[in-house]
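# Examining the three-dimensional arrangement
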Amino acid sequence: MTVSGYTCQKWTEQSPESHDRTPENYPKAGLGEHNYCRHPDGTSGAWCYTTDPNNRWELCDIGEPGENCEETSECYHEADGNDYRGTVSRTENGITCQEWTEQSPHSHDRTPENYPDEGLGEHNYCRNPDGTSGAWCYTTDDSVRWELCDIGQPEENCDGRTCQKWTEQSPQSHDRTPEKYPNAGLGDHNYCRNPDGTSGAWCYTTDPNNRWELCDVGQPDENCVSASECYHEADGNDYRGTVSRTENGITCQEWTEQSPHSHDRTPENYPDEGLGEHNYCRNPDDTSGAWCYTTDDSVRWELCDIGEPEENCEPTANECYYEFDGNDYRGAVSRTENGRTCQKWTEQSPQSHERTPENYPDEGLGNHNYCRNPDGTSGAWCYTTDPNIRWELCDIGQPYENCGPPNECYHETDGSDYRGTVSMTVNGRTCQEWTEQSPESHDRTPENYPNGGLGEHNYCRNPDGTSGAWCYTTDPSVRWELCDIGQPDENCVVTSAPITKGPPPTPEAPVVAPHIPTQPRKYPYHTYIT
């Protein structure tokens with residue numbers, strides 16, 4: 001009720017007052033399918049639209065601020081969301097939640113009286129009062145009794161202040177905007193950034209008494225993935241940069257959102273197209289160029305200006321890899337082949353495990369959830385955030401023949417760590433590709449020797465302990481020969497050395513032992529009749 005006694009209009013309704021202060025436009029402002037007084041937009045106090053057609057809105061009398069009262073926060077610790085006290089009020093499928101104090105359309109006993117310390121009350125925010133697998137709510141759809149909610153991931157430290165979006169000017173007005181700092185990763189989001197050379201990533205806060213603070217973004221990781229503005233394809237299909245405005249300057253809508261524009265260009269439907277929980281321009285569907293849905297409800301989508309394609313740029317985001325089993329993959333795919341979100345390698349919830357950066361220090365693990373293969377599994381994989389699915393393989397595309405700069409340098413005297421591009425034998429014969437079985441049929445395949453540097457190429461290798469790097473030849477009369485790859489060098493940096501394993505795997509771990517032929521060929525100059 002307002003200071004003059006008018007009844008408030010629900011924030012989800014557009015009558016009698018039409019407006020844009022909706023839960024979709026102000027997702028963190030406590031709006032929802034209720035008519036409680038709120039302060040979403042920098043007004044002088046909490047207010048609401050009224051149900052009186054002659055009085056559009058008024059301030060509310062909510063008393064004096066309290067020094068020790070508890071703030072609502074989207075942050076929570078527990079894996080099952082039991083301690084979540086945020087304001088998400090829609091289910092993971094977008095259905096509006098029923099208030100916990102109501103018994104319609106669904107009657108129930110999850111009431112504040114029966115569960116007094118579980119965050120229930122005269123609201124419809126998602127909660128987990130009873131040990132369910134995650135925060136949930138009864139729905140306002142009489143055909144769907146209840147559903148889980150998407151409340152994000154739990155955090156170790158919930159003491160921090162919420163960041164203000166870089167595109168907003170309230171409560172903090174500022175000039176660190178996407179327009180003035182176009183290459184700094186700013187956008188219509190509230191993620192921590194460092195656009196101006198401060199000592200670390202930071203943000204403006206939503207606390208009017210604290211203008212800005214530094215963020216804890218962990219330690220830098222030399223193996224992490226950097227976005228690149230470089231791309232090859234004329235239509236921008238391989239663009240993985242951070243442009244997030246259309247050619248007419250409209251801010252892009254996040255690909256994971258369905259408002260203001262509902263669509264099917266989602267990470268689930270287009271898993272290898274660079275979509276994700278961001279609003280960067282992409283071209284997942286063979287449009288004439290990179291594009292995005294816009295945050296302007298009158299303009300569904302527009303093309304983006306991402307510059308010109310380049311002939312010689314490296315594959316973006318390290319999506320390029322060489323090893324057949326993806327052991328050297330350092331890209332940014334973070335969903336499994338079935339579309340489940342990956343768990344960070346540094347986290348132990350919902351899946352506890354020993355595949356940590358400490359135990360597998362050279363395998364590209366870190367404080368991220370990108371798919372990796374640290375342990376000789378058949379392909380890149382990850383633990384999932386689904387408590388019912390421990391791990392799954394990922395679709396990271398195919399290995400590349402010429403991934404990254406070739407490195408002719410190697411350490412081992414037998415050339416087992418050689419990853420260069422010599423493709424001719426000591427007698428000048430052309431090598432046969434390792435994935436081919438003609439003219440020479442053989443079992444030295446990428447599947448049987450996943451860590452031997454084999455692949456869809458014909459470069460000399462030593463996968464099996466021969467005296468030096470060698471290859472099968474394309475000459476039907478000469479099965480195979482050694483190659484001249486120069487001398488080993490103890491000081492060189494090897495492109496892809498043999499895997500150094502961490503602790504032995506436990507029975508629960510997703511390890512697939514590679515096939516080892518029963519009689520590996522040790523002396524390549526012997527004649528074999530096959």
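Since we're looking at a predicted model, the values are computed, not measured.

## Looking at the state of the cysteines
- The tally for this structure, following the rule as stated, stands at twelve disulfides.
- Each disulfide pairs two cysteine sulfurs, and for C281 the partner residue is C304, the sulfurs being separated by 2.1 Å. Between C281 and C304 the disulfide shows an S-S torsion of about -80°. By sign, it is left-handed. Of the two residues, C281 sits in the loop between strand 6 (212–214) and strand 7 (291–293) while C304 sits in the loop between strand 8 (301–303) and strand 9 (381–383), which places them 23 residues apart along the sequence.
- Residue classification places C304 among the buried residues on the basis of a relative accessible area of 9%.

## Here we look at the packing of aromatic side chains
- Across all of its chains, the model carries 25 aromatic pairs by this definition.
- On the basis of an interplanar angle of 70° and a centroid distance of 5.5 Å, the ring pair of W136 and W146 is categorised as edge-to-face. Linking W136 in strand 3 (residues 136–138) with W146 in strand 4 (residues 146–148), this pair joins segments that are ten residues apart in sequence.
- Judged by its relative accessible area of 3%, W136 falls in the buried class.
- Consider the rings of W166 and Y204, whose centres lie 5.9 Å apart with planes at 70°: the pair is edge-to-face. Here the residue W166 occupies a position in the loop between strand 4 and strand 5 (202–204), and Y204 occupies one in strand 5, the gap between them amounting to 38 residues. The burial state of W166 is the same as that of Y204; both residues are buried.

Reading guide: rules and limits
- For every chain, the first residue of the written sequence is number 1, and numbering continues from 1 onward in sequence order.
- Thresholds applied to this predicted model are a pLDDT of at least 70 for local features of residues and 80 or more for the giving and counting of side-chain atom pairs; totals over whole chains, interfaces and linings are not thresholded and use all residues.
- Note that water and hydrogens are dropped before the side-chain values are worked out from all heavy atoms of the structure.
- A pair of cysteine sulfur atoms is labelled a disulfide when the two atoms are within 2.5 Å.
- A run of H or I in DSSP becomes a helix once it reaches four residues, and a run of E becomes a strand once it reaches two; helices and strands are each numbered from the N terminus.
- The buried label goes to any residue with under 20% of its type's maximum accessible area, the exposed label to any with over 50%, and the partly exposed label to all in between, with areas taken from a 1.4 Å probe on protein chains only.
- The pairing test for Phe, Tyr and Trp rings, Trp by its six-membered ring, is centres within 6.5 Å, and the orientation test on the planes gives stacked under 30 degrees, edge-to-face over 60, and tilted for anything in between.

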